[in-house]
Amino acid sequence: MGTVRILRVYEEPEAGEYRVLVDRLWPRGVSKSKIDLWLKEVAPSTEVRTAFDHVAERFEAFERDYTQELAHNPEVARLRELIHDHEKLVLLYGAKDPIQNQAAVLFQFLKATGLDLMHG
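Residues numbered from 1 in each chain as written. Predicted model: local features only at pLDDT ≥ 70, side-chain atom pairs only at ≥ 80, totals over all residues. Heavy atoms only, no water.

1. Some details on the overall build of the protein chain
Condition: Runs of E in the DSSP output that reach at least two residues are strands. Runs of H or I that reach at least four are helices, and both are numbered from the N terminus. Our radius of gyration is a C-alpha quantity, and the globule rule it is checked against amounts to 2.2 Å times the number of residues to the power 0.38. Whether two residues are in contact is decided by their heavy atoms, any of which lying within 4.5 Å being enough. Surface accessibility follows the Shrake-Rupley procedure with a 1.4 Å probe radius. Residue values consider only the protein chains on display as shielding. In this tally, Lys and Arg are treated as positive and Asp and Glu as negative; His is ignored, and so are the chain termini. Throughout, a charge is located at the NZ atom of Lys, the CZ atom of Arg, the CG atom of Asp or the CD atom of Glu.
A tally of regular secondary structure across the protein chain gives 4 helices and 4 strands. Mapped from its N terminus to its C terminus, the protein chain presents α and β elements in the order β-β-β-α-α-α-β-α. Relative to the 2.2 N^0.38 estimate, which gives 14 Å for 120 residues, the radius of gyration of the protein chain is 13 Å and therefore close to what a compact globule would have. Across its three principal axes, the protein chain shows a C-alpha extent of roughly 35 × 35 × 20 Å. Considering only contacts within the protein chain whose residues lie at least 6 apart along the sequence, 64% involve residues at least 24 apart. Surface summary for the protein chain: the accessible area is close to 6,800 Å², and the carbon and sulfur share equals 50%. Within the protein chain, the 20 negative side-chain charges are centred at a point lying 5 Å from the centre of the 16 positive side-chain charges.

Structural data, given as structure tokens:
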């Protein structure tokens, strides 16, 4: 297992990184060639995503609710397999905020549930 990091989908990944989009919606203006896999099933539900609506004061509730969803989401196992299969993997997100977004929550969830991740 190699490194995992998060990156805004509009930024350039490093050479050799396996690019996994973890948004429920396809980001505007992004070509399919920029993404190796769209794993929308691991993204927050529409209900959780719209309740957050990228309002900073709602992030704590979003983090709690999304983490609860992840704990019962079978697609997390698929993501773990991808992480084990690729030397460098990047979780891509479309949000403008580099700290308060679903990829950051997902990264922390993976770390907290036993994956030895290096934030690149």
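Don't stop here, the text continues.
2. What about the packing of helix 3 (residues 75-85) against helix 4 (residues 102-112)?
Helices that pack against each other are described as a pair by the angle of their axes relative to one another and the distance between those axes. The condition is simple: Orientation is described by axes fitted as lines to C-alpha atoms, over the contacting stretch for helices, and by angles from 0 to 180 degrees between their N-to-C directions. We call two directions roughly parallel when the angle between them is under 35 degrees, roughly antiparallel when it is over 145, roughly perpendicular when it lies between 65 and 115, and oblique otherwise.
At their nearest, the axes of helix 3 and helix 4 sit 12 Å apart, and the two run at 80° to each other. Regarding the angle of helix 3 to helix 4, the classification is roughly perpendicular. Residues Val76, Leu79, Arg80 and Ile83 of helix 3 touch helix 4, and the partners they reach there are Leu106, Phe109 and Leu110.

3. Some words on the layout of surface pockets
Put simply, the rule is: Both site types are read off a 1 Å grid over the protein atoms alone. A 1.4 Å probe that fits but cannot get out defines a cavity, while an open set with protein on both sides within 12 Å along at least five of seven lines defines a pocket; lining residues have an atom within 4 Å of a point. Grid points are joined across faces, edges and corners, and a volume is the space filled by probe spheres set on the points. Residues are grouped as follows: Ala, Val, Leu, Ile, Met, Phe, Trp, Tyr, Cys and Pro are nonpolar; Asp, Glu, Lys and Arg are charged; all remaining types, including Gly, are polar.
In this model, the largest pocket occupies a volume close to 380 Å³. Lining of the largest pocket is provided by 19 residues; of these, Asp23, Leu25, His54, Gly94 and Ala95 occupy positions nearest its centre. The leading source of residues in the lining of the largest pocket is helix 1 (residues 46-52), at 3 residues. Of the residues contributing to the lining of the largest pocket, the split by class is 7 nonpolar, 4 polar and 8 charged.

4. Re the pattern of salt bridges
It is possible for side chains of opposite charge to pair when their charged atoms get near one another. Keep this limit in mind: Any carboxyl oxygen of Asp or Glu within 4 Å of a side-chain nitrogen of Lys or Arg constitutes a salt bridge here. Here's how the labels work: a residue is buried when its accessible area is under 20% of the maximum for its type, exposed when over 50%, partly exposed in between, all with a 1.4 Å probe on protein chains only.
A complete count under the given rule lists 6 salt bridges for this structure. Note that Glu17 is salt-bridged to Arg5, the shortest N-O span being 2.6 Å. Here Arg5 lies in strand 1 (residues 3-8) and Glu17 lies in the loop between strand 1 and strand 2 (18-21), a separation of 12 residues in the sequence. With respect to class, Glu17 is no different from Arg5; both count as buried. With a shortest N-O distance of 3.6 Å, Glu75 and Arg78 are connected by a salt bridge. You can see Glu75 and its partner Arg78 sitting in helix 3, 3 residues apart, about one turn around the helix. Using a relative accessible area of 36% as the deciding quantity, one classes Arg78 as partly exposed.

5. Focus on the packing of aromatic side chains
Convention followed: Ring pairs shown here join Phe, Tyr and Trp side chains whose ring centres sit within 6.5 Å, with only the six-membered ring taken for Trp; geometry is labelled stacked below 30 degrees between planes, edge-to-face above 60, and tilted in between.
Going through the model one piece at a time under the given rule, you end up with 5 aromatic pairs. Seen from their ring centres, Phe59 and Phe62 are 5.9 Å apart, and the 40° between their planes marks the pair as tilted. Taken as a pair, Phe59 and Phe62 lie in helix 2 (residues 59-71) at a separation of 3 residues, close to a single helical turn. Accessibility classification places Phe59 together with Phe62 in one group, the buried group. Three or more aromatic residues joined by ring pairs form one cluster here, namely Phe52, Phe59, Phe62 and Tyr66.

6. Some remarks on the packing of helix 2 against helix 4
Spelled out, the test is: Crossing handedness follows the turn of the near helix against the far one: under a right angle anticlockwise gives a left-handed crossing, and clockwise gives a right-handed one.
At a minimum axis distance of 10 Å, the contact between helix 2 and helix 4 shows a crossing angle of 55°. The angle between the axes of helix 2 and helix 4 places the two elements in the oblique class. Where helix 2 crosses over helix 4, the two elements pack in a sense that is right-handed. Counted together, Phe59, Phe62, Glu63, Tyr66, Thr67, Leu70 and Ala71 of helix 2 and Gln102, Val105, Leu106 and Phe109 of helix 4 form the full contact between these two elements.

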